[in-house]
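# Topology and contacts: notes
Each chain, letter by letter, is given below.
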Amino acid sequence: MTTFPADFVWGTATASYQIEGAVAEDGRRPSTWDTFARTPGKVWNGDTGDVACDHYHRFAEDVAIMADLGVDAYRFSVAWPRVVPEGTGAVNQAGLDFYRRVAETCLEHGVQPYVTLYHWDLPQPLEDAGGWLSRSTAEAFAEYARITHEALGDVIGSWITLNEPWCSALLGYAAGVHAPGQQLGTRSLEAAHHLLLGHGLAVQAMRADGGEAPLGITLNLHAVRAASDSEADLEAARRYDGLGNRLFLDPLLRGAYPEDVLADTGTTEWFAERSDDLATIAEPIDFIGINYYSAHTVAAPEDGRFSDPSLPTPTPGSERVVTVDTGAEKTQMGWEIHPDGLVDVLAQVHALAPGLPLYVTENGSAWPDEVGPDGRVEDEDRRRYLEAHLEACREAVARGLPLKGYFCWSLLDNFEWAFGYDRRFGIVRVDYETQQRTVKRSGEFYRDFVARERG
Ligand SMILES: OC[C@H]1NNC[C@@H](O)[C@@H]1O
């Protein structure tokens, strides 16, 4: 059986708004998610990140748990509204000091800190000024990245600019189910462009600041399969792959937007006017992070019409692609379980950028956990999902794909965006009443798997 390379990185991942709490402490100012979560009807049960897992005060305990699990690295995100509370202008030293404490605690425990600079908590004043629909937000992001990189470069092992720009753009500005809750159809691609531009400008700013730490970006990639080899279903798969994957992979790795996606969405001219930005967006990076959860089988709509301008809030090009239920097992999110899809997306990226190091920066599953009378959580479903995807990583390595690490999503149960605290992804349970942490069966499995693979 193929073994993982000795330097393969085993990690866990979290994100600031989902775990920190302390949303008004030590100078932090509101983000778009503070605003969105307070908007009636947007988040399950009216949940917010006000307290979450109280990681802001309990991070040392959480790092100690990671050390006990034997992980090599911890991927966490820096909250922009803690560091530059208004988005631009004054820097909040207390915010930088908090992340220094987190990183130094990690290093004291032999855990490498991997930082994501943007995991969706945009300072509200920037949204008020146009958010990601505005080019100025891309420029503000680059300055925030430079400030953070300059302040923490000595304690951070790796830098990820953006987490899942697809979610920020398409869920935030088209579907409207994420902050800021806009339903602007194809204008959401303008947000995608400014996110990618912000990424490129941030990479340039961090490179100029110096340092050896690798720089990259994390994309949530969708393994896409056509329901049949009919022309209509193949067209559905092309559209879904285009909007879900190539809209981001192509400019980052090929320096060009996919012409078919721009044609599908009627945005060719808008992007042509900004072609000079592509050189910045395609600034060379040291790795790609891939968040993988599921594979999607898609088919053409019954009437064969893919776009329907009469739809009030069309998600560009994809609102009429039919997702087919293949009968595969699903997680509590309703996502089908297809570990082989992880190998497919890794291979897809490798084909575009041979040799570029790849990391699975998120993979995990939500299940309705039960706490036994002994206080244990025997989450066999999550353990099985985890095992299957770790074996998919082994298969990727066996095929010679440059997979360098795996980060389990998530270390802790946490605020799952519009689902609030109703969905638990953690390998460690959080009792939100008491903030007690309990390592689940899946966490013990991950610990034992890592120890065994490390030899
Ligand atoms: O839905 C599970 C995860 N997906 N990627 C982004 C994270 O913030 C989510 O919790």
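Each residue is numbered by its place in its chain's sequence as written, counting from 1. Residues qualify for local features only when their pLDDT is at least 70, as the model is predicted, and side-chain atom pairs are given and counted only at 80 or more; totals for whole chains, interfaces and linings, by contrast, use all residues. The basis for the side-chain values is all heavy atoms of the structure; hydrogens and waters are excluded.

### With respect to the overall build of the protein
This is how the line gets drawn: Secondary structure follows DSSP: runs of H or I at least 4 residues long count as helices, runs of E at least 2 residues long count as strands, and numbering of each begins at the N terminus. For a compact globule the rule gives 2.2 Å times the number of residues to the power 0.38, and the radius of gyration it is set against comes from C-alpha atoms. Working definition: with a 1.4 Å probe on protein chains only, accessible area under 20% of the residue-type maximum means buried, over 50% means exposed, and in between means partly exposed. Surface accessibility in these figures is a Shrake-Rupley result with a 1.4 Å probe; residues are shielded only by whichever protein chains are displayed. Only four residue types enter the tally: Lys and Arg on the positive side, Asp and Glu on the negative side; His and the chain ends are excluded. A charge is said to be at NZ when it belongs to Lys, at CZ for Arg, at CG for Asp and at CD for Glu.
Per the secondary structure count, the protein includes 16 helices and 13 strands. Compactness check: the protein gives a C-alpha radius of gyration of 21 Å against a globular reference of 23 Å for 455 residues, within 12% of the reference. Looking at the 455 residues of the protein, the share that counts as buried comes to 60%. Counting only carbon and sulfur atoms, one obtains 50% of the accessible surface of the protein, whose full area is about 16500 Å². Taking the average location of the 38 positive side-chain charges in the protein and that of its 70 negative ones, the two points are 2 Å from each other.

### Side note on empty space enclosed by the protein
The following threshold applies: The pocket and cavity definitions rest on a 1 Å grid over protein atoms only: a 1.4 Å probe that fits but cannot leave marks a cavity, an open set with protein on both sides within 12 Å along at least five of seven lines marks a pocket, and residues lining either have an atom within 4 Å of a point. Grid points are joined across faces, edges and corners, and a volume is the space filled by probe spheres set on the points.
Taken as a whole, this structure holds 4 cavities of 30 Å³ or more when the rule is applied. The volume enclosed by the largest cavity comes to roughly 80 Å³. Y118, W120, S168, A179 and P180 are, among the 13 residues lining the largest cavity, the residues nearest its centre. Contributions of two or more residues to the lining of the largest cavity are made by helix 2 (32–37) and helix 8 (165–175).

### Thoughts on the environment of D374
Definition in use: Polar contact is defined as a pair of N or O atoms within 3.5 Å, subject to the rule that within protein one atom must be able to donate a hydrogen and the other to accept it, and that residues adjacent in sequence are counted only when both atoms are side-chain atoms.
For D374, the location among the structural elements is in the loop between strand 10 (358–362) and helix 15 (380–398). On the accessibility criterion, D374 (57% relative accessible area) is exposed. C-alpha separation for the pair D374 and A24, spaced 350 residues apart in sequence, amounts to 36 Å. At 2.9 Å, the side chain of D374 forms a polar contact with the backbone nitrogen of R376.

### Describing the sheet that holds strand 9 (residues 322–324)
Note on sheets: strands pair through backbone hydrogen bonds, and any given pair is parallel or antiparallel. Under the convention used in this document: Think of it this way: DSSP has to see at least two bridges between two strands before they count as a pair. Fitted lines through C-alpha atoms serve as axes, helices being fitted only where they are in contact, and the angles separating the N-to-C directions of these axes extend from 0 to 180 degrees. Contacts between residues were defined by any pair of non-hydrogen atoms, one from each residue, lying within 4.5 Å.
A sheet is described by the order of its strands in space; here 3 strands give the open sequence 6-8-9, paired in mixed fashion. Pairing within the sheet leaves two strands with one partner each, and these edge strands are strand 6 (223–226) and strand 9. Going across the sheet, the axis of each strand differs from the next one's by a mean of 45°, ignoring polarity. Note: strand 8 (residues 295–299) against strand 9, 3 bridges, orientation antiparallel. Its bridge partner being in strand 9, V298 is matched across the sheet by T323. Packing against the sheet, helix 10 (residues 231–254) makes contact with strand 6, strand 8 and strand 9, and its axis sits at approximately 170° to strand 6.

### Quick word on the UniProt feature "active site" (unreviewed entry) in the protein
What counts is decided by this rule: UniProt positions are given in the numbering used here, feature names are shortened, and annotations may be inferred rather than shown by experiment.
The sites that UniProt annotates as "active site" (unreviewed entry) are E164 and E362. A maximum C-alpha distance of 10.4 Å is found for the annotated residues, which run over 199 residues; spatially they form one tight group. In the annotation above, E164 and E362 are the residues that line the largest pocket. Checked against the element boundaries, E164 lands in the loop between strand 4 (158–163) and helix 8. Beyond its immediate chain neighbours, meaning those up to four positions away, E164 contacts W120, T218, L219, N220, N291 and E362. Checked against the element boundaries, E362 lands in strand 10. Beyond its immediate chain neighbours, meaning those up to four positions away, E362 contacts A13, R75, H119, N163, E164, I290, N291, Y292, Y293, F407 and W409.

### Structural notes on the layout of surface pockets
Using the following cut-off: Gly is placed with the polar residues, together with every amino acid not listed as nonpolar (Ala, Val, Leu, Ile, Met, Phe, Trp, Tyr, Cys and Pro) or charged (Asp, Glu, Lys and Arg).
Within this model, the largest pocket holds a volume of roughly 1000 Å³. Taken together, 44 residues make up the lining of the largest pocket; nearest its centre are W166, L171, H222, H296 and W335. Secondary-structure elements contributing two or more residues to the lining of the largest pocket are helix 8, helix 10, strand 8 and strand 9. Estimated volume of the second largest pocket: approximately 160 Å³. Lining of the second largest pocket is provided by W44, N45, D47, V51, A52, Y421, D422, Y432 and Q435. Across the lining of the second largest pocket, the residue classes break down as 5 nonpolar, 2 polar and 2 charged.

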